[in-house]
Amino acid sequence: MALLEVEDLRTYFYTEEGIVQAVDGVSFEVERGETLGLVGESGAGKSVAVKSLLGLIRPPGHVVDGSVRFKGDDLTEYSEAQLRNQVRGTEISVIFQDPMSALNPVFTVGTQISEIIEHHRDVTHEAAWSRAVELLDDVGIPDPAERADQYPHEFSGGMQQRALIAMALSCEPDLIIADEPTTALDVTIQAQILDLFDDIKTKYDTSMIYVTHDLGVVREVCDRVSVMYLGEIAESAPYEELYRNPKHPYTQALLRSTVSADRRTEDLDPIEGSMPSAIHPPSGCRYRTRCPVAFEDCSRGEPPRFDVGPDHDAACLHYGDGGDGDPKLHETGRPGTGVGGTGGDR
Ligand code: SF4
């Protein structure tokens, strides 16, 4: 049994303009010790999906269908009190993009970490404080005993993010959800934080969901990747397989638009068009209005996720019985990018 099994999750927002189908039938699993990357452009539904797991969706949003099995129990059946006392911060921790909005400016960093420990564990204040200092040390904060007595504004942006990671680790959760945790940081600090995530995974044997718009970042920390587009999973595979052999036209477009060691900035090929509205998504395949290899059947029904390799699936009709099994991406892929010509082979 996987640590987390999300099945057919649907989260809708009931607005005056209409029903925003932000997450619409999403399924994925996270194994113990595994890091899953949830990737896609802004508006893909990644953050809504992970907030839905923890009951953090507020009206007009609602989880309208699906199950979220964590260690076998369905979290969608938990009350708010159960989620708050038994799950959030203890079994599953979240690290958000902006550390300053997550840290309380009027309490010292040590106080904020030790309070979480005291709230969830039967320990003395001294023991909790001492553990807070240890955690600050674990996340690479120098002079942790002195730093524990400082306020968030006395920390740099990178140090604040490290403090948040220490808070997330404070109850040694089985799963950490990191929602764009390095987006607000400069490139050097981002690399340091990604290294830290790698160290944490090993030391704490924690599973992780890493939410990002950047496939390049995913490469540093993730074992598997699920690519989201307009509320649905377009493709899912182990990272190396996805990077070497992307099958879904959207994944291929994402890779062509991503900076990497073997792709110069001038070779980047931005994805054309913009994400359609999740209130009136296109009929059939939601990617068809931007897909360079769409064909007639793409408007008729939503493509299921077809097996396209070991532990690898893609929601594209080219891989189903009705498709020709060849998205002809060599015609749209750019030579020398490692995408398209090599990605289209099966
Ligand atoms: S199903 Fe059609 S529109 Fe969707 S990704 Fe495949 S080819 Fe493109």
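Residues numbered from 1 in each chain as written. Predicted model: local features only at pLDDT ≥ 70, side-chain atom pairs only at ≥ 80, totals over all residues. Heavy atoms only, no water.

Caption draft 1: Seen up close, a negative patch on the surface. Residues Asp195, Asp198, Asp199 and Glu220 make up a contiguous surface patch of negative charge. Of the residues forming the negative patch, the biggest block, three residues, is contributed by helix H8 (residues 187–204). On the basis of relative accessibility, which here comes to 32%, the residue aspartate 198 falls in the partly exposed class. (Patch = residues over 30% accessible without salt bridge, like charges linked within 9 Å, V, L, I, M, F, W, Y side chains within 5 Å. Areas by Shrake-Rupley, 256 points an atom, 1.4 Å probe, with all protein chains shown as cover. Salt bridge = Lys/Arg side-chain N within 4 Å of Asp/Glu carboxyl O. Lys, Arg positive; Asp, Glu negative; His and termini not counted. Charge placed at Lys NZ, Arg CZ, Asp CG, Glu CD. Helix = DSSP H or I, 4+ residues; strand = E, 2+ residues; numbered from the N terminus. Buried < 20%, exposed > 50% of the residue type's maximum accessible area, 1.4 Å probe, protein only.)

Caption draft 2: Summary view of the sheet that holds strand S10 (residues 232–238). Taken together, eight strands build an open sheet; the order of strands is S6-S7-S8-S3-S9-S10-S12-S11 and the sheet is mixed. Each edge of the open sheet carries a strand with a single partner, namely strand S6 (92–95) and strand S11 (306–309). Neighbour-to-neighbour, the strand axes of this sheet turn through a mean angle of 20 degrees, independent of strand direction. When strand S9 (residues 224–229) meets S10, the two strands line up antiparallel, connected through six bridges. If you follow valine 225 over to S10, its bridge partner there is alanine 237. (Pairing = 2+ DSSP bridges. Axes fitted to C-alpha atoms, helices over the stretch in contact; angles between N-to-C directions.)

Caption draft 3: Spatial organisation of the environment of valine 48. Examined against the element boundaries, valine 48 turns out to sit in helix H1 (residues 46–53). Considered as a pair, valine 48 and glycine 231 are 183 residues apart in the sequence and their alpha carbons are 8.9 Å apart. If near-sequence neighbours (up to four positions away) are discounted, valine 48 is found in contact with Thr11, Phe13, Ala22, Val23 and Ile57. (Contact = heavy atoms within 4.5 Å.)

Caption draft 4: Focus on the nonpolar core. In terms of nonpolar packing, the biggest core is built from 85 residues, with Leu4, Phe28, Leu38 and Ile209 touching the most fellow members. For this core, the element with the highest residue contribution is helix H7 (residues 157–169), accounting for eight residues. With residues near it in sequence (within four places) discarded, isoleucine 209 still touches Leu4, Phe28, Val30, Leu36, Leu38, Val50, Leu53, Leu175, Ile176, Ile177 and Ala178. Core analysis: the second largest hydrophobic core is formed by seven residues, Val308, Cys316, Leu317 and Tyr319 among them. (Core = buried A, V, L, I, M, F, W, Y, C linked by side-chain atoms within 4.5 Å.)

Caption draft 5: A look at the side chain of histidine 248. With respect to the helices and strands, histidine 248 occurs in the loop between helix H10 (239–244) and helix H11 (249–256). Separated by 3.1 Å, the side chain of histidine 248 and the backbone oxygen of alanine 315 make a polar contact. In this view, histidine 248 contacts Ala234, Glu235, Tyr287, Ala314, Ala315 and Cys316; residues no more than four positions away in its chain are not counted. (Polar contact = N/O pair within 3.5 Å; in protein donor to acceptor, adjacent residues only side chain to side chain.)

Caption draft 6: Structural detail: the site of the ligand. Around the ligand, the structure places His248, Pro249, Cys285, Arg288, Cys291, Val293, Ala294, Cys298, Cys316, Leu317 and His318. Among the residues making up the shell around the ligand, the classes are represented as eight nonpolar, two polar and one charged. (Near = heavy atom within 4 Å. Nonpolar A, V, L, I, M, F, W, Y, C, P; charged D, E, K, R; others polar.)

Caption draft 7: Up close: a nonpolar patch on the surface. A cluster of nonpolar side chains, contributed by Tyr14, Ile19 and Val64, occupies part of the molecular surface with about 230 Å² of accessible area. Along the chain, the position of tyrosine 14 falls in strand S1 (residues 4–15).

Caption draft 8: Quick look at the packing of aromatic side chains. Counted by the stated rule, this structure contains five aromatic pairs. These aromatic residues form a ring-pair network of at least three members: Tyr229, Tyr250 and Tyr287. Looking at arginine 147, its charged tip hangs above the ring of phenylalanine 155, at a distance of 5.2 Å from the centre. Arginine 219 extends its terminal NZ or CZ atom over the ring of tyrosine 243, reaching a point 4.4 Å from the ring centre. (Phe/Tyr/Trp six-rings, centres within 6.5 Å; stacked < 30°, edge-to-face > 60°. Lys NZ or Arg CZ within 6 Å of the ring centre and 35° of its normal.)

Caption draft 9: Summary view of the packing of helix H4 (residues 109–120) against helix H5 (residues 125–138). Between H4 and H5, the shortest axis-to-axis distance is 8 Å and the interhelical angle comes to 120 degrees. The orientation of H4 relative to H5 falls into the category oblique. The hand of the H4/H5 crossing is right-handed. Between H4, through Val109, Gly110, Thr111, Ile113, Ser114, Ile117 and Glu118, and H5, the contact on the second element is made entirely by His125, Ala128, Trp129, Arg131, Ala132, Leu135 and Leu136. A breakdown of the residues in the contact of H4 with H5 according to their chemical character gives eight nonpolar, four polar and two charged. (Parallel < 35°, antiparallel > 145°, perpendicular 65-115°, else oblique. Left-handed = near helix turned anticlockwise from the far one by under 90°.)

Caption draft 10: The packing of H5 against H8, seen in detail. Between H5 and H8, the least distance of the axes is 11 Å, while the angle of their chain directions is 125 degrees. By the angle between their axes, H5 is oblique relative to H8. In this structure, H5 uses Arg131, Leu135 and Asp138 to contact H8, whose residues at the interface are Leu196, Lys203 and Tyr204. In terms of residue class, the contact of H5 with H8 is built from three nonpolar, no polar and three charged.

Caption draft 11: Seen up close, the sheet that holds S1. Strand order in the open sheet made by the four strands is S2-S1-S4-S5, with antiparallel pairing throughout. Of all the strands in the sheet, the pair left with one neighbour each is strand S2 (18–30) and strand S5 (73–74). Examined bridge by bridge, S1 and S2 share 10 bridges and lie antiparallel to one another. Counted as the bridge partner of leucine 9 is valine 26 from S2. Contacting S1, S2 and strand S4 (61–70), H1 crosses the sheet at an angle of about 110 degrees to S1.

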